[in-house]
Amino acid sequence: MSLDSTLTPDAVRSSRLAERLLVPAGFVTTAGNAFQITAAAILVFHAEQTTLAVGWLFIAVSIPQVALALLFGKLVDRVDRRMLCVAADLVSAMTAFALPVWLWIGGPANLGSYIANFMLACTAALFMPASNGLIKERIADDRLGKFNSHFEMASNAGMLLASSLAGFLVIWFGATPLFIFNSLTFVLSAVLVYAIGRKPAKAPVVTEAAVDPSAPVEAPVQQPIKRLALLYANGNIGLMVANVILTTLILQTFDQGAWMIGVVDALAGVGFIVGAAAYGKVSKRFKGIHLAVLGTLGNLICLAIQPLHYIALMAAIPFAGFCFAQGRIAARTLLMRASPEDRVGRIFGGTQAVGLGLGVGATVGLSALADATTVPYAFWGLAILQGVIVIGTYFSLAKPLSAQEKKQPTEVLEATAA
């Protein structure tokens, strides 16, 4: 059911405002986080000189989200999601500012980076399901495809733009200014989310007396939530592992400076932004499930090419970003449309926990493989792992989604560009 049919005209206008505010909020938050984690990864690698050391930084970010995301997801389904997002942003702002204070007083950079990023991950475990619950609550189902393309484009553009600049900025100014900037982005995000306003009232529900008792009652459609969640979580696995091994590939295998991290992230950002901008047209030609699978497989082919040479890396990564955008947005839209509004928090919280839990295991295993052999083997291992997951999930979804397509082709399965 579309949000437009269950809300008053004023509430519909309020939902349009939410669309306009949530997109820039996602941009500034992910940009600040990217500055933080990229600068911290560079500091840790130069101190330890191993892939696994960088891997432990990302694991420190992931562990609290694995442990807390599902618990916080249940909380999100019971409490005002807007205010939870604002509270998480403000706590994150204070935590992010604590790291430069730690460095100013002479604290060890490695220890401070691990602790600050661990604490930020704790609040991220709350913010992620709360923000997704807020999106499901405020955005019409028939607009989710278009909104998700804008939201993912803004969020990932912020992340990749900041990552591309971080390498240069660390060289020019050091890491401390980036940590301060991250703190300010959380404050701005809190302001934007708060400006959305309170949850709009729904239109009056039709009473039982107005319902024709002779009308046939359709059984509720059972959604394959867990498999759709795995399809979406597969992207989280790739992001987590690739962030670790890409840093080592550039700094160690290719023996290039931090500047190349910036160039590569910029190229990936261009590919992703173009892909997200083209999603509306592409999604008209492919069903959501097909686009989710084909986009992921295209990204994995590019991933396997990247470690061959730094020229191959720079040539392939824009196409990887384009394909990743198609698969990511399609999988997100499928999962969000299939999720009931009163359970979306725990669904996305659980999905985050599963994705990061698998990502932690893959990061440890593939980082160890990279240190024991060479980094390219970690890239190929990641491509194989993700390929097995996406192909296996697709075949398990083919039958239930085909059956549902006859009942609800528009609202659940198609990634529309309304």
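Only a predicted model underlies this, so the values are computations on that prediction, with no experimental measurement involved.

**Concerning the overall build of the protein chain**
For step 1, the next point in the chain: In terms of helices and strands, the protein chain carries 13 helices and zero strands.
For step 2, the next point in the chain: Residue pairs in contact within the protein chain that sit at least 24 positions apart in sequence constitute 87% of those at least 6 positions apart.
For step 3, the next point in the chain: When the accessible surface of the protein chain is split by element, carbon and sulfur atoms take 70% of a total near 17700 Å².

**Topic: empty space enclosed by the protein**
For step 1, the next point in the chain: For the structure shown, the criterion picks out three cavities of 30 Å³ or more.
For step 2, the next point in the chain: Leu 231, Tyr 232, Asn 234, Gly 235, Ala 292, Thr 296, Asn 299, Phe 324, Gly 327, Arg 328, Ala 331 and Gln 386 are the residues that line the second largest cavity.
For step 3, the next point in the chain: At the level of elements, helix 7 (225–253), helix 9 (288–305) and helix 10 (310–338) are the ones that each hand at least two residues to the lining of the second largest cavity.
For step 4, the next point in the chain: When grouped by side-chain class, the residues that make up the lining of the second largest cavity number five nonpolar, six polar and one charged.

**Thoughts on the pattern of salt bridges**
For step 1, the next point in the chain: A complete count under the given rule lists four salt bridges for this structure.
For step 2, the next point in the chain: Two residues, Arg 81 and Asp 77, come together in a salt bridge whose shortest N-O distance is 2.9 Å.
For step 3, the next point in the chain: With relative accessibility at 5%, the residue Arg 81 sits in the buried group.
For step 4, the next point in the chain: Assessed through its relative accessible area of 16%, Asp 77 is described here as buried.
For step 5, the next point in the chain: Note that Glu 137 is salt-bridged to Arg 138, the shortest N-O span being 2.9 Å.
For step 6, the next point in the chain: By relative accessible area, Glu 137 is classed as buried at 8%.

**Structural notes on helix 10**
For step 1, the next point in the chain: The end-to-end C-alpha distance of helix 10, which contains 29 residues, comes to 41 Å, matching closely the 42 Å that a straight helix rising 1.5 Å per residue would cover.
For step 2, the next point in the chain: Of all the bends in helix 10, the largest measures some 35° and sits at Ala 316, one to four residues before the proline Pro 318.

**Some details on the environment of Val 193**
For step 1, the next point in the chain: Take Val 193: it is sitting in helix 6 (residues 176–194).
For step 2, the next point in the chain: Val 193 sits in the buried class, given a relative accessible area of 2%.
For step 3, the next point in the chain: Residues Val 193 and Pro 24, spaced 169 residues apart in sequence, show a C-alpha to C-alpha distance of 9.6 Å.
For step 4, the next point in the chain: Leave out the neighbours within four places in its chain, and Val 193 touches Ala 25, Arg 82, Cys 85, Val 86 and Leu 134.

**A word on the state of the cysteines**
For step 1, the next point in the chain: Under the counting rule described, the total for this entry stands at zero disulfides.
For step 2, the next point in the chain: Here Cys 302 is not cross-linked by a disulfide; its sulfur's nearest cysteine counterpart is in Cys 323, at 5.2 Å.
For step 3, the next point in the chain: Among the residues examined, Cys 302 registers a relative accessible area of 11% and is labelled buried.

**Some points on the confidence of the model for the protein chain**
For step 1, the next point in the chain: This prediction gives the protein chain a mean pLDDT of 77; 76% of its residues lie at or above 70.
For step 2, the next point in the chain: Mean pLDDT per element in the protein chain: helix 13 (residues 409–413) is the minimum at 40, and helix 9 is the maximum at 90.
For step 3, the next point in the chain: Within the model, pLDDT remains below 50 along residues 215–220, and this stretch shows zero contacts once partners closer than five positions in the same chain are excluded.
For step 4, the next point in the chain: pLDDT under 50 marks residues 408–418. Its contacts with residues more than four places away, or in other chains, come to 40 contacts.

**A closer look at the nonpolar core**
The tendency in soluble globular proteins is for nonpolar side chains to be buried as a group.
For step 1, the next point in the chain: Formed by 54 residues in total, the largest nonpolar core has its most connected members in Ile 135, Leu 335 and Phe 348.
For step 2, the next point in the chain: Examining the composition of this core, we find that nine residues originate from one element, helix 10, more than from any other.
For step 3, the next point in the chain: Ignoring anything within four residues of it in the chain, the contact list for Leu 335 reads Ile 225, Leu 228, Ala 229, Tyr 232, Ile 347, Phe 348 and Thr 351.
For step 4, the next point in the chain: Formed by 25 residues, the second largest nonpolar core is a distinct cluster that contains Ile 245, Val 375, Leu 382 and Ile 389.

**Brief notes about the packing of aromatic side chains**
Two measures describe an aromatic ring pair: the distance that separates the ring centres and the angle between the ring planes.
For step 1, the next point in the chain: If you walk through the whole model with that rule in mind, you get seven aromatic pairs.
For step 2, the next point in the chain: Summarising the aromatic geometry, the rings of Phe 147 and Phe 151 are spaced 5.6 Å apart at their centres and angled 25° between planes, so their arrangement reads as stacked. Note that Phe 147 and Phe 151 are positioned in helix 5 (residues 144–173) at a spacing of four residues, about one turn of the helix. Just as Phe 147 is buried, Phe 151 falls in that class too.

Criteria and cut-off values
Throughout, residues of each chain are indexed from 1 in the direction in which the sequence is written. Given that this is a predicted model, residues contribute local features only at a pLDDT of at least 70 and side-chain atom pairs are listed and counted only at 80 or more, while totals for whole chains, interfaces and linings are drawn from all residues. The basis for every side-chain value is the complete set of heavy atoms in the structure, and neither hydrogens nor water enter the calculation. Helix and strand assignments come from DSSP, with helices taken as H or I runs of at least 4 residues and strands as E runs of at least 2, each series counted from the N terminus. What makes two residues a contact is simply this: any of their non-hydrogen atoms within 4.5 Å. Using a 1.4 Å probe, accessible areas were evaluated by the Shrake-Rupley method; residue-level cover was limited to the displayed protein chains. Cavity and pocket criteria rest on a 1 Å grid covering protein atoms alone: a 1.4 Å probe that fits but cannot get out defines a cavity, protein on both sides within 12 Å along at least 5 of 7 lines defines an open pocket, and an atom within 4 Å of a point defines a lining residue. Grid points are joined across faces, edges and corners, and a volume is the space filled by probe spheres set on the points. Side-chain classes are defined by residue name, with Ala, Val, Leu, Ile, Met, Phe, Trp, Tyr, Cys and Pro counting as nonpolar, Asp, Glu, Lys and Arg as charged, and the others, Gly among them, as polar. When a carboxyl oxygen of Asp or Glu lies within 4 Å of a side-chain nitrogen of Lys or Arg, that pair is called a salt bridge. Under the scheme applied here, a residue whose accessible area is under 20% of the maximum for its type counts as buried, over 50% as exposed, and between as partly exposed, the area being computed with a 1.4 Å probe on protein chains only. A helix's residues, less one, multiplied by 1.5 Å, set its expected span. Bend at a residue means the angle formed by two fitted axes: the first through the 7 residues ending at that position, the second through the 7 residues beginning there. For this text, the term disulfide refers to a pair of cysteine sulfurs within 2.5 Å. pLDDT is defined as a per-residue confidence score from the predictor, taking values between 0 and 100. Take the buried Ala, Val, Leu, Ile, Met, Phe, Trp, Tyr and Cys residues and link them wherever side-chain atoms come within 4.5 Å; each set so joined is a nonpolar core. Any Phe, Tyr or Trp ring, taking Trp's six-membered ring, that has another such ring centre within 6.5 Å forms a pair; planes under 30 degrees apart are called stacked, those over 60 apart edge-to-face, and the others tilted.

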